[in-house]
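Observations on chain architecture
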Amino acid sequence: MGIVKDIQADKEKESLNLFKSTQTIIKEALNKLGYSEEFFELLKEPIRMLTVRIPIQMDDGSVKVFTGYRSQHNDAVGPTKGGVRFHPEVNEDEVKALSIWMSLKCGIVNLPYGGGKGGIICDPREMSLKELERLSRGYVRAVSQIVGPTKDIPAPDVFTNSQIMAWMMDEYSRLREFDSPGFITGKPLVLGGSHGRETATARGVTICIEEAAKKKGITLAGARVVIQGFGNAGSFLAKFMHDAGAKVIGISDAYGALYDADGLDIDYLLDRRDSFGTVTTLFNSTITNKELLALDCDILVPAAISNQITAENAHQIKASIVVEAANGPTTIEATKILTERGVLLVPDVLASAGGVTVSYFEWVQNNQGYYWSEEEVTERLQKVMVDSFENTFQTALVHNVDMRLAAYMIGSRKMAEASRFRGWI
Ligand SMILES: NC(=O)C1=CN([C@@H]2O[C@H](COP(=O)(O)OP(=O)(O)OC[C@H]3O[C@@H](n4cnc5c(N)ncnc54)[C@H](O)[C@@H]3O)[C@@H](O)[C@H]2O)C=CC1
Ligand SMILES: O=C(O)CCC(=O)C(=O)O
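Residues numbered from 1 in each chain as written. Chains lettered and ligands numbered in written order. Predicted model: local features only at pLDDT ≥ 70, side-chain atom pairs only at ≥ 80, totals over all residues. Heavy atoms only, no water.

1. Focus on the sheet that holds strand 9 (residues 256-259)
- As summarised here, the arrangement of the six strands in space is 9-8-7-10-11-12, forming an open sheet in which the pairing is mixed. Each end of this open sheet is capped by a strand with a single partner; those strands are strand 9 and strand 12 (344-346). Geometrically, the sheet is characterised by an average inter-axis angle of 15° between neighbouring strands, direction not taken into account.
- Inspection of the sheet shows strand 10 (residues 299-302) paired to strand 11 (residues 321-323) by two bridges, in the parallel sense. Among the inter-strand pairings, leucine 300 is bridged to a residue of strand 11, identified as valine 322.
- Of the strands in this sheet, strand 10, strand 11 and strand 12 touch helix 8 (residues 200-216), which is tilted by about 160° from strand 11. (Pairing = 2+ DSSP bridges. Helix = DSSP H or I, 4+ residues; strand = E, 2+ residues; numbered from the N terminus. Axes fitted to C-alpha atoms, helices over the stretch in contact; angles between N-to-C directions. Contact = heavy atoms within 4.5 Å.)

Here you go:
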């Protein structure tokens, strides 16, 4: 019970510490399902966390030492899986929380994986391509003992992309002395990537929006949508929403936000954004990310970073549907406030699971050496996401809980049952 007391004693900090708030919800989910304390003891922390120091020669001849992490939460269900984040603020607790969410996501969409996640403290926006390549290869050498196609399979996340996955795959294949496309997903198509992976997260979010809109009786055509973040997840989502006839009235990046009550020109913005999802710097008339979140709209999608909707601004949210494309954008307190106000909140561990689902499809294709068409990928993703949404929605109704707790119950139950059958508990 010690950890639970600690969590409760530190309520103020708890809500913004993603790792602690995740533990709190897992605890609640396991309690609801009637699992004993041992299950929480097993699932509250990753089974393995590796911190590495990576010396890299910079273009000016100097050497910089970068810190990286790889966290593996639980491998009872299967090999661990999850992205690698390059970000100046990434830290140990964040990577641990992200790896737990990956376990939950894989359980919710029923993939044969546990959760993993990695990160390197760096700012790729300030590095040359050659420096980024050396760092990507250095990271793989540093974590190579604990990763692999049947152990732990990385993928892209914030500020990493298919080129970085290609360098990492090449480095791993060199170390092992055989071609290993199944070591990593999110690769370019010519190196064994899957059709539809690049747009998979946004497509999964789109499917959740469609399902949530049906539940709320909202028609997507003409609905006003606001999206925070214009990178892989946010920009493709803006395109899908626009194509569905919705009016995307606000978007943002790390530097600011754009707003037009009549709808933004999404094709133009997609054309002008850079590879880090930056586009607002091209405009003089911008609003802040804070103002963006409070815009009058029907559907709000945080698709950037964590802790964006908190107890401080949850009352200002005007959307009736919030779908979390980002990992951890809403705190526990804010979730409560939104739920009490009747907002339908589709949690990250469900809404953003389209990415890992198509990563799984990529890994399956790599393992069988036979590749699927884009239509096949899209059709299979559609089924997985619709079924998972409905399962989570019904679980929430049956247990009279919000969709986040329902999703945690589904994800935790799979890990708990796999651990029990293995004889661990
Ligand atoms: N790419 C993927 O397959 C998946 C991504 N996600 C999550 O979606 C979110 C976005 O990821 P990606 O689109 O892949 O990243 P990305 O690196 O492609 O884009 C990130 C976007 O967020 C913006 N941003 C960064 N810092 C910000 C700040 N302080 N305030 C406002 N905006 C900020 C950037 O300017 C950029 O537009 C992350 O939380 C990520 O973990 C979740 C599942 C899968
Ligand atoms: O595609 C993957 O394997 C993982 C994607 C990811 O990191 C995430 O869903 O947060």
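There is more to say after this.
2. A few points about the packing of aromatic side chains
- Considering all chains together, one arrives at nine aromatic pairs under this definition.
- Residues phenylalanine 159 and phenylalanine 276 carry aromatic rings whose centres are separated by 5.6 Å and whose planes lie at 90° to one another, so their mutual orientation is edge-to-face. One end of the pair, phenylalanine 159, is in the loop between strand 6 (152-153) and helix 7 (162-176); the other, phenylalanine 276, is in the loop between helix 10 (266-272) and helix 11 (289-293), and 117 residues separate them in sequence.
- One aromatic cluster is present, formed by Tyr113, Tyr360, Phe361, Trp363 and Trp372 through successive ring pairs. (Phe/Tyr/Trp six-rings, centres within 6.5 Å; stacked < 30°, edge-to-face > 60°.)

3. Looking at the site of ligand 2
- Close contacts around ligand 2 come from 14 residues, with Lys81, Lys105, Lys117, Arg197 and Ser359 the closest.
- One nitrogen or oxygen atom from the side chain of lysine 105 is found 2.7 Å from an oxygen atom belonging to ligand 2.
- In this structure, arginine 197 approaches ligand 2 through a side-chain N or O atom, which is 2.9 Å from an oxygen atom.
- Its free accessible area being 300 Å², ligand 2 has 96% of it covered by the protein chains.
- Those elements that place two or more of their residues in the shell around ligand 2 are helix 5 (92-108) and helix 14 (354-368). (Near = heavy atom within 4 Å. Polar contact = N/O pair within 3.5 Å; in protein donor to acceptor, adjacent residues only side chain to side chain. Areas by Shrake-Rupley, 256 points an atom, 1.4 Å probe, with all protein chains shown as cover.)

4. Considerations on the pattern of salt bridges
- All chains considered together, the criterion is met by 28 salt bridges.
- One salt bridge in this structure joins lysine 44 and glutamate 41, with 3.0 Å as the shortest N-O distance.
- Owing to a relative accessible area of 14%, lysine 44 belongs among the buried residues under this scheme.
- Arginine 70 is paired through a salt bridge with aspartate 152; the nearest N and O atoms lie 2.7 Å apart. (Salt bridge = Lys/Arg side-chain N within 4 Å of Asp/Glu carboxyl O. Buried < 20%, exposed > 50% of the residue type's maximum accessible area, 1.4 Å probe, protein only.)

5. Brief notes about the site of ligand 1
- In the region of ligand 1, 24 residues are neighbours, and Arg85, Thr201, Asn232, Gly277 and Asn327 sit closest.
- A distance of 2.8 Å is found between an oxygen atom of ligand 1 and a backbone nitrogen or oxygen belonging to alanine 233.
- Relative to its unbound accessible area of 830 Å², ligand 1 is 90% covered by the protein chains.
- Here the shell around ligand 1 is composed, by residue class, of 11 nonpolar, eight polar and five charged. (Nonpolar A, V, L, I, M, F, W, Y, C, P; charged D, E, K, R; others polar.)

6. Here's the deal with the nonpolar core
- Counting 85 residues, the largest nonpolar core has Ile209, Val301 and Val323 as its most contacted members.
- Once residues lying within four places of it in the same chain are set aside, the contact partners of isoleucine 209 are Leu220, Leu237, Met241, Ile299, Val301 and Val323.
- Ranked by size, the runner-up nonpolar core spans 26 residues in total, among them Val52, Ile54, Met58 and Ile184. (Core = buried A, V, L, I, M, F, W, Y, C linked by side-chain atoms within 4.5 Å.)

7. So, the pairing of strand 5 (residues 114-121)
- Most of strand 5 sits out of view: seven of its eight residues are buried.
- Two strands pair when backbone bridges link them, and strand 2 (residues 63-74) and strand 5 are joined in this way by six bridges, in the antiparallel orientation. From the neighbouring strand, tyrosine 69 faces strand 5, where its bridge partner is glycine 119.
- In the sheet, strand 3 (residues 80-81) pairs with strand 5 via two bridges, with the strands oriented parallel. Note on strand 5: the bridge partner recorded for threonine 80 is glycine 114.
- In this sheet, strand 5 lies alongside strand 4 (residues 84-87) in parallel orientation, the contact comprising four bridges.

8. Observations regarding the environment of phenylalanine 389
- Relative to the elements of secondary structure, phenylalanine 389 occurs in helix 15 (residues 374-399).
- Between the C-alpha atoms of phenylalanine 389 and threonine 288, which are 101 residues apart in sequence, the distance is 32 Å.
- For phenylalanine 389, the residues in contact, after removing those within four places along its chain, are Cys208, Glu211, Ala212, Lys215, Val346, Leu350 and Met403.

9. Observations regarding the environment of leucine 345
- For leucine 345, the location among the structural elements is in strand 12.
- Between the alpha carbons of leucine 345 and alanine 212 there is a distance of 8.7 Å; along the sequence they are 133 residues apart.
- If near-sequence neighbours (up to four positions away) are discounted, leucine 345 is found in contact with Val322, Glu324, Thr330, Thr335, Leu338, Met403 and Arg404.

10. Some thoughts on the side chain of aspartate 348
- Here aspartate 348 is to be found in helix 13 (residues 348-351).
- The residues touching aspartate 348, leaving out its near neighbours within four places in the chain, are Trp101, Lys105, Glu324, Ala326, Asn327, Gly328, Pro329, Ala353 and Arg404.

11. A few points about the environment of tryptophan 363
- Topologically, tryptophan 363 is positioned in helix 14.
- Assessed through its relative accessible area of 13%, tryptophan 363 is described here as buried.
- Each C-alpha atom of the pair tryptophan 363 and glycine 116 lies 15 Å from the other, and the pair is 247 residues apart in sequence.
- Not counting residues up to four positions away in its chain, the partners in contact with tryptophan 363 are Pro79, Tyr113, Pro149, Ile153, Gly182 and Thr185.

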